[in-house]
Amino acid sequence: MSKVDRKEIDKRMARISDIFSEMVAHAESLSRTRCPYRDRFDHCTAEFRCRNQNPPAAEDARHPCGHDGDFDYRSAWESQPLAHERAKKKVTKIRRDATRRRNQ
Ligand code: SF4
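This write-up is about the structure you can find in this document. As the structure is a computational prediction, the values presented were derived from the model and not from experiment. (Residues numbered from 1 in each chain as written. Predicted model: local features only at pLDDT ≥ 70, side-chain atom pairs only at ≥ 80, totals over all residues. Heavy atoms only, no water.)

Some details on the overall build of the protein chain
Step number 1: Helix and strand content of the protein chain: two helices and zero strands.
Step number 2: For the protein chain, whose C-alpha radius of gyration is 24 Å, the value lies well above the compact-globule estimate of 13 Å for 104 residues.
Step number 3: Overall size of the protein chain, expressed as C-alpha extent along the three principal axes, is 75 × 45 × 25 Å.
Step number 4: The buried share of the protein chain, reckoned over its 104 residues, is 12%.
Step number 5: For the protein chain, the proportion of contacts with a sequence separation of at least 24, taken over those separated by at least 6, is 39%.
Step number 6: Counting only carbon and sulfur atoms, one obtains 54% of the accessible surface of the protein chain, whose full area is about 9200 Å².
Step number 7: Side-chain charges of the protein chain comprise 24 positive and 17 negative groups, with the mean position of each set lying 9 Å from the other. (Helix = DSSP H or I, 4+ residues; strand = E, 2+ residues; numbered from the N terminus. Rg over C-alpha atoms; globule rule 2.2 N^0.38 Å. Buried < 20%, exposed > 50% of the residue type's maximum accessible area, 1.4 Å probe, protein only. Contact = heavy atoms within 4.5 Å. Areas by Shrake-Rupley, 256 points an atom, 1.4 Å probe, with all protein chains shown as cover. Lys, Arg positive; Asp, Glu negative; His and termini not counted. Charge placed at Lys NZ, Arg CZ, Asp CG, Glu CD.)

So, empty space enclosed by the protein
Over the atoms, a rolling probe the size of a water molecule traces out where space has been left empty.
Step number 1: Within this structure, the stated rule accounts for one cavity of 30 Å³ or more.
Step number 2: Taken as a whole, the largest cavity encloses approximately 70 Å³ of empty space.
Step number 3: For the largest cavity, the full set of lining residues is Cys35, Tyr37, Arg38, Cys44, Ala46, Cys50, Asn52, Gln53, Cys65, Tyr73 and Trp77. (1 Å grid on protein atoms, 1.4 Å probe; cavity = no way out; pocket = protein on both sides within 12 Å on 5 of 7 lines; lining within 4 Å. Points joined across faces, edges and corners; volume = space filled by probe spheres on them.)

Topic: the side chain of Arg38
Step number 1: For Arg38, the location among the structural elements is in the loop between α1 (6–31) and α2 (82–102).
Step number 2: In this structure Arg38 comes out as buried when scored by relative accessible area, which is 18%.
Step number 3: For Arg38, the side chain forms a polar contact with the side chain of Asp42, separated by 3.1 Å.
Step number 4: With residues up to four places along the chain from it excluded, the contact list for Arg38 reads His43, Cys65 and His67. (Polar contact = N/O pair within 3.5 Å; in protein donor to acceptor, adjacent residues only side chain to side chain.)

Notes on the packing of aromatic side chains
Step number 1: Per the counting criterion, the structure on display carries one aromatic pair.
Step number 2: Note on Tyr37 and Phe48: the rings are 5.1 Å apart at their centroids and 90 degrees apart in plane angle, and the pair reads as edge-to-face. With Tyr37 in the loop between α1 and α2 and Phe48 in the loop between α1 and α2, the pair connects residues that are 11 residues apart, well separated along the chain. (Phe/Tyr/Trp six-rings, centres within 6.5 Å; stacked < 30°, edge-to-face > 60°.)

Let's talk about the site of the ligand
Step number 1: Residues in close proximity to the ligand include Cys35, Tyr37, Arg38, Cys44, Ala46, Cys50, Asn52, Gln53, Cys65, Tyr73 and Trp77, which together make up its full environment.
Step number 2: For the shell around the ligand, the per-class residue count stands at eight nonpolar, two polar and one charged. (Near = heavy atom within 4 Å. Nonpolar A, V, L, I, M, F, W, Y, C, P; charged D, E, K, R; others polar.)

Overview of unusual backbone geometry
Working note: non-glycine residues mostly have negative phi, and peptide bonds are mostly trans.
Step number 1: With phi around 65 degrees, Asp42 is a residue other than glycine that occupies positive phi space.
Step number 2: Within the secondary structure, Asp42 is located in the loop between α1 and α2.

Remarks on the pattern of salt bridges
One side chain can pair with another of opposite charge once the charged atoms of both are near each other.
Step number 1: What the rule picks out here adds up to seven salt bridges.
Step number 2: In this structure, Asp97 and Arg100 form a salt bridge, with 3.4 Å as the shortest nitrogen-oxygen distance. Here the residue Asp97 and the residue Arg100 both occupy positions in helix α2, the gap between them amounting to three residues, near one helical turn.
Step number 3: We classify Asp97 as buried; its relative accessible area is 17%.
Step number 4: On the basis of relative accessible area, Arg100 is assigned to the partly exposed category, the value being 46%.
Step number 5: Residues participating in the shared-partner salt-bridge network are Glu8, Lys11 and Arg12. (Salt bridge = Lys/Arg side-chain N within 4 Å of Asp/Glu carboxyl O.)

Now the structure itself:
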């Protein structure tokens, strides 16, 4: 079995740490201007309303993101993000009640 070279391990760990530090710094600076809900096709994946959402090209398509990256995107987010969850629960209840009435 080969001997472990402690100096070599430390050197490699320092190199890996440097690489990850650069990645984290880049992600942190990018996160100030690129919304985390914006996918690689520049479409919005948020399940809430945002003033930066542009109208979709087709009825079933996602909203293109209209944020130009010059300002903090978070101010355009809906102030009550839980409203989407409440609306989903309400729709589920309406569907369940309608199914129950149909089956009576
Ligand atoms: S439309 Fe708003 S929530 Fe959606 S990706 Fe753009 S900034 Fe983010």
